[in-house]
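# A structural walkthrough
Below are the chains, spelled out letter by letter.
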Amino acid sequence: MTYNFAVVTPMANEEKDFYSFINGLTEVLNEMQCGKVYLVVDNASKDQTLSLCQNLAKSDNRFVAVWAPASKNVVDAYLFGYRQAATAKHEYIIEMDAGLSHDPKEIPVFLSLLHKKYDCVFGSRFIAGGAIVDSTWKRTFLSKAGTLLSNLLLGTKMHDMTSGFQGFSLQTVKKILNYNLLSQAHFYQTEVRYLLRKTRFIEVPIQYRTPSPRVSKKAILNSIYLLSYYTFKRVVFKAPVIK
């Protein structure tokens, strides 16, 4: 079955693993005979990633190199890609990390569930069939602790609140774009899942490998601030929601 779908992925300093990642995506696009990939590059990338993306886009029109110099952080990069995909009216939009963290072969599972009219499909490392491979115990602990704390304070009931592999319907993406997200870094996935808690969603198991670089102190502080902010909103019965 063919789908009108897009993959959005920020690309920052991905020169080392570029071809391995792109080959995996290309294999899936070939098998499905459909799909578009938006590779978003901003000033955070200091190597040849932008040139690699632009050259790829010239040779394969299924790939789009999105140069986003106005992007200030990874959240901006995601939103740049979302806008491109939404403007092109892709029915389903998949968000995933670059590099080798997420397996492109899992994309068809996301699409099949979105086609069944789920608004959101969230990848989970902590349900049956999911796993974290080749990671440090500190990163695994941080992810699990973040999920437990978020569920406790925000009232959510998801198994994984910090995964960056997720899929949305076009209408859901438009709603995300119309909401003023407060995240600037890693809390972005948690914020989105929290805000979308009233939608029709489902979690699917994913295999997560080769974690991204360490979480910065700035990102941790931003996460603490936003978790406190949304917890306060919940306590005073003004919890925001996207539905």
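Everything below is about the structure shown above.
Here is a short report on the structure shown in this document.

### Concerning the sheet that holds strand β5 (residues 120-124)
Taken in spatial order, the seven strands make up an open sheet running β3-β2-β1-β4-β7-β5-β8, and their pairing is mixed. What marks the edges here is a single partner per strand, and that holds for β3 (63-67) and β8 (201-205). The sheet shows a mean angle of 20 degrees between the axes of neighbouring strands, direction not considered. Bridge analysis of β5 against β8 gives five bridges, and the strand direction is parallel. The residue bridging F122 from the neighbouring strand is E203, located in β8. Along the sheet, helix α2 (residues 49-59) contacts β2 (36-41) and β3; its crossing angle with β3, the most-contacted strand, is approximately 140 degrees. Helix α7 (residues 187-195) rests against β4 (92-95), β5 and β7 (166-169) of the sheet, and its axis sits at about 40 degrees to β7.

### Notes on the packing of helix α3 (residues 74-87) against helix α6 (residues 170-178)
With their axes 10 Å apart at the nearest point, α3 and α6 run at an angle of 135 degrees to one another. Taken as axis vectors, α3 and α6 run oblique relative to one another. In this structure, α3 crosses over α6, and the sense of that crossing is left-handed. Along the contact surface, α3 presents L79, Y82, R83 and A86, while α6 presents L170, V173, I176 and L177. Split by residue class, the contact of α3 with α6 holds seven nonpolar, no polar and one charged.

What counts, and at which threshold
Residues numbered from 1 in each chain as written. Predicted model: local features only at pLDDT ≥ 70, side-chain atom pairs only at ≥ 80, totals over all residues. Heavy atoms only, no water. Pairing = 2+ DSSP bridges. Helix = DSSP H or I, 4+ residues; strand = E, 2+ residues; numbered from the N terminus. Axes fitted to C-alpha atoms, helices over the stretch in contact; angles between N-to-C directions. Contact = heavy atoms within 4.5 Å. Parallel < 35°, antiparallel > 145°, perpendicular 65-115°, else oblique. Left-handed = near helix turned anticlockwise from the far one by under 90°. Nonpolar A, V, L, I, M, F, W, Y, C, P; charged D, E, K, R; others polar.

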